[in-house]
Amino acid sequence: MQPSGNLHIGNYLGALKNWVRVQADYECIFCIVDLHAVTVYQDPAELRTKIIELAGLYLAAGIDPRESSIMVQSAVPRTPSWPGCSPASRPSAGWSA
């Protein structure tokens, strides 16, 4: 999930609730995709705060750090070089037209 906005019931019902359920059966790594949030301007201090808040919400929803991992996308040094992770690597809006 992106840390660019507030979580809503759709995030909980569509993802978090299911993540909590499957974490006992699988080796799960849940990602906070902060690089996806920077396709538009984000205040760096606010984004850092939202990353921490989102990690807290994962835990509050029931993600167990003893069973699963939570990672922040930008904390993986090679992530920005992966295709599709940089705004420069995405086609322009008119590409599909």
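These figures come from a predicted structure and were not determined experimentally.

Caption draft 1: Quick look at the overall build of the protein. Summing up its helical and strand segments, the protein has three helices and two strands in all. For the protein, the succession of helices and strands along the chain, N to C, is α-β-α-α-β. Each of the 97 residues in the protein was classed as buried or not, and the buried ones make up 26%. Taking the intrachain contacts of the protein between residues at least 6 apart in sequence as the baseline, contacts between residues at least 24 apart amount to 72%. Carbon and sulfur atoms form 59% of the exposed surface of the protein, whose accessible area is close to 6600 Å².

Caption draft 2: View of the confidence of the model for the protein. Considering every residue of the protein, the mean pLDDT works out to 79; 77% of them sit at 70 or more. Mean pLDDT across the elements of the protein ranges from a minimum in helix 2 (residues 34-37), with 79, to a maximum in strand 2 (residues 69-72), with 93. pLDDT under 50 marks residues 89-97. Its contacts with residues more than four places away, or in other chains, come to six contacts.

Caption draft 3: Representation of the pattern of salt bridges within the structure. Here the structure, examined in full by the defined rule, presents two salt bridges. Two residues, Glu-46 and Lys-50, come together in a salt bridge whose shortest N-O distance is 4.0 Å. Remark: Lys-50 and Glu-46 occur in helix 3 (residues 44-61); sequence separation between them is four residues, near one turn of the helix. A relative accessible area of 44% means that Glu-46 is categorised as partly exposed.

Caption draft 4: Representation of the packing of aromatic side chains in the model. Applying the stated criterion to the full structure yields two aromatic pairs. Between Trp-19 and Phe-30, the ring centres sit 4.9 Å apart and the planes meet at 25 degrees, which makes this aromatic pair stacked. Here the residue Trp-19 occupies a position in helix 1 (residues 9-22), and Phe-30 occupies one in strand 1 (residues 29-32), the gap between them amounting to eleven residues.

Caption draft 5: Expanded view of helix 3. Helix length check: helix 3 (18 residues) gives 26 Å between terminal C-alpha atoms against 26 Å at 1.5 Å per residue, within 8%. Buried within helix 3 we find Leu-47, Lys-50, Ile-51, Leu-54 and Tyr-58. The arc that holds the buried residues of helix 3, viewed along the axis, is 110 degrees, so those residues lie on one side. Opposite the buried face of helix 3, by more than 90 degrees, sit the exposed residues Arg-48, Ile-52 and Ala-60. The first or second residue beyond helix 3 is Gly-62, which carries a positive phi of 125 degrees.

Cut-off values and rules
- Residues numbered from 1 in each chain as written.
- Predicted model: local features only at pLDDT ≥ 70, side-chain atom pairs only at ≥ 80, totals over all residues.
- Heavy atoms only, no water.
- Helix = DSSP H or I, 4+ residues; strand = E, 2+ residues; numbered from the N terminus.
- Buried < 20%, exposed > 50% of the residue type's maximum accessible area, 1.4 Å probe, protein only.
- Contact = heavy atoms within 4.5 Å.
- Areas by Shrake-Rupley, 256 points an atom, 1.4 Å probe, with all protein chains shown as cover.
- pLDDT = per-residue confidence, 0-100.
- Salt bridge = Lys/Arg side-chain N within 4 Å of Asp/Glu carboxyl O.
- Phe/Tyr/Trp six-rings, centres within 6.5 Å; stacked < 30°, edge-to-face > 60°.
- Expected span 1.5 Å × (residues − 1).
- Arc of directions from axis to C-beta.

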